[in-house]
Amino acid sequence: MSVTVETATVESPASSISTFMVLLVSAVALFFAYWKISRRRFLQLAEKIPGPKGYPIIGNALDFLGSSSQVTDRMIQIGFQFTTIAKVWILHKLVVFIADPRDIELILGNSTHLEKSEEYRFFKPWLGDGLLISSGQKWKSHRKLIAPTFHLNVLKSFVDLFNANSRAVCDKMAKENGRTFDCHDYMSECTVEVLLETAMGVSKKTQNKSGFEYAMAVMKMCNILHLRHSKVWLRPDWLFNLTKYGKEQVDLLDVIHGLTKKVIKNKKEIISSGTKKYIEESVTQEEKAIASTPVKGLRDDLDEQDENDVGQKKRLAFLDLMIESAQNGVVLTDEEIKEEVGTIMFEGHDTTAAGSSFFLCLMGIHQKYQDMCVQELNQIFGDSDRPATFADTLEMKFLERCLLEALRMYPPVPVIARKLAEDLTLASTGVVIPQGTTIVVSTVKTHRLEEHWPNPDVYDPDNHLPEKAAERHYYSFVPFSAGPRSCVGRKYALLKLKIILSTILRNFKVHSDISEDEFKLQGDIILKRADGFMIRLEPRKKTVAA
Ligand code: HEM
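Keep in mind the model is a prediction, meaning the values are calculated, not measured.

1. A few points about the overall build of the protein
Here is step 1: Looking only at helices and strands, the protein features 22 helices and eleven strands.
Here is step 2: Among the 546 residues that make up the protein, the fraction classed as buried is 40%.
Here is step 3: Once local pairs closer than 6 in sequence are excluded, the contacts in the protein between residues at least 24 apart make up 80%.

Right under this line is the structure:
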């Protein structure tokens, strides 16, 4: 007799979990295999690009963990190892860093690769689709509209405001009374105020408290954006929105957009009352000739614009023009004006604050060059404490070289990222970079390549003597980027910086207690000193009137 025992077929919880795990792992493996097959060509091309070894799936993502200055140090090490080209995988994303000027020319000098990489999306809640981020027809038409608002004649009309703000920042810094302090805070506040007064036409009187709050909010927003680039867990929007930074961002954007709306509203009322502030032609032919002399490495479409100027007599400053264009009905919406105002405030502020702070630290370290700048300023101003004129700034040749050298060694925008619109064969090595790759122009590395800069780690203003610049590759010096998507505010920045920095040097002797080797750099979006831009000021005998 046989006995059959029926066994229950109910699975234990442990075995359902293991079945689920097997299915999950198989699904992931299948997906990974499919992903690899569908991207076979992409991966084959990527394989041929040199770069540090990574881990399966996560690639080199671990290299991007840690504080901003640690990540910067690691990137500099990778840069040393791989000189002019290095690939890294961040999860599934291929990022290729390039530094050879011949390759950079293929990216920046070409209208094919104008689209910005995905990382620029963190700016969206603030800058929307403004000039820095937008692409295609929108970018093209807005650039055409905005570029003339930085024409020489417009810039010349800002000289008095540049002087008044330079004087104000000197007065504020004098209160440090010989103590060592971080000059970046002062430079930052000063550049925001100058932008509000010049590009936006918001007078000090109208700024009141809201202007100061705006300046602070802009600075804090920049800090949050920096954090989102360096801390991977702050990258997904849903996670970021849950953090204290996400909540702070909402409040800061309220302040920023609040003032923007107020400024636009006031301006509209002024314009509709018929009071337009046209800027008259004031740059002489001689000044134009000197100011437009092409500095080889720094030429772009803005130079063409000044040279081909057909003598348009009535120009408007940035915000006036934006509003007038909107009122004419076709070109801009209110939302677009808001985005462009935000873009100019961001791009115009943090970059110049970092550039001027590096300059001051370098003057503090290289006393010889500081003395030479002061000697030049004495020749221009003699015993007078008068404020600088536009013509004076054209005479500040040595100071300009010192500034350009600061921008070479410590470019405020250390990398420029683009999304590759089609496969690209590099001119330097013939390596092919596949379409869709995030390509990063590593300005900070290019500016220190020995083939183009003898003694690249030595601060030497003579690197920018016209004869030396003429010999160098056009794309070996790109602090303001180059080509069709270069910095629209380059001339504005150089004029403003010359006035602010010459005023500081005429009033104070700058000291630094540490050498360049001790700088701790941090380069997430804007290159800065993680240890602070520490300087000391000693009053010179004369003071400069505003
Ligand atoms: C030392 C100061 C400055 C430096 C080093 C600098 C550098 C740069 C660089 C490298 C870019 C290209 C960024 C990219 O493609 O991702 C850029 C773009 C831009 N900059 Fe500047 N900049 C400076 C000052 C200014 C100022 C003062 C303004 C405005 C008042 C300004 C407005 C812009 C705008 C609107 C763009 C976007 C242009 C476009 O995509 O068509 N910048 N800048």
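2. Looking at the site of the ligand
Here is step 1: The ligand sits among 23 residues. The nearest are Glu347, Gly348, Thr351, Cys487 and Gly489.
Here is step 2: Among the elements of the structure, α16 (334-365) and α22 (490-507) are those that each provide at least two residues to the shell around the ligand.
Here is step 3: With seven residues, α16 is the largest single contributor of residues to the shell around the ligand.
Here is step 4: Its residues assigned to classes, the shell around the ligand shows 13 nonpolar, seven polar and three charged.

3. Brief notes about the packing of helix α19 (residues 397-409) against α22
Helix packing geometry: the angle between the two helix axes and the distance between the axes.
Here is step 1: The geometry of α19 relative to α22 is characterised by a closest axis approach of 11 Å and an angle of 105° between their N-to-C directions. Viewed along their axes, α19 and α22 adopt a mutual orientation that is roughly perpendicular. Between α19 and α22, the contacting residues are Leu399, Glu400 and Leu403 on the first element and Leu497, Lys498, Leu501 and Ser502 on the second.

4. Regarding the UniProt feature "binding site: heme" (unreviewed entry) in the protein
Here is step 1: Taking the numbering used here, the UniProt-annotated feature "binding site: heme" (unreviewed entry) corresponds to Cys487.
Here is step 2: Setting aside residues no more than four positions away along its own chain, Cys487 makes contact with Phe480 and Ser481.

5. Some remarks on the packing of α16 against α19
Here is step 1: Taken N-terminus to C-terminus, the directions of α16 and α19 make an angle of 110°; their axes are 9 Å apart at the nearest point. The angle between the axes of α16 and α19 places the two elements in the roughly perpendicular class. Residues Gly355, Phe358, Phe359 and Leu362 of α16 form the contact with α19, whose participating residues are Cys402, Leu403, Ala406 and Leu407.
Here is step 2: The residue inventory of the contact of α16 with α19, partitioned by class, reads seven nonpolar, one polar and no charged.

Each value, and the rule that gives it
Residues numbered from 1 in each chain as written. Predicted model: local features only at pLDDT ≥ 70, side-chain atom pairs only at ≥ 80, totals over all residues. Helix = DSSP H or I, 4+ residues; strand = E, 2+ residues; numbered from the N terminus. Buried ≥ 20, exposed ≤ 12 C-beta atoms within 10 Å, placed from the backbone. Contact = placed C-beta atoms within 7 Å. Near = placed C-beta within 6 Å. Nonpolar A, V, L, I, M, F, W, Y, C, P; charged D, E, K, R; others polar. Axes fitted to C-alpha atoms, helices over the stretch in contact; angles between N-to-C directions. Parallel < 35°, antiparallel > 145°, perpendicular 65-115°, else oblique. UniProt positions renumbered as here; feature names shortened; annotations may be inferred.

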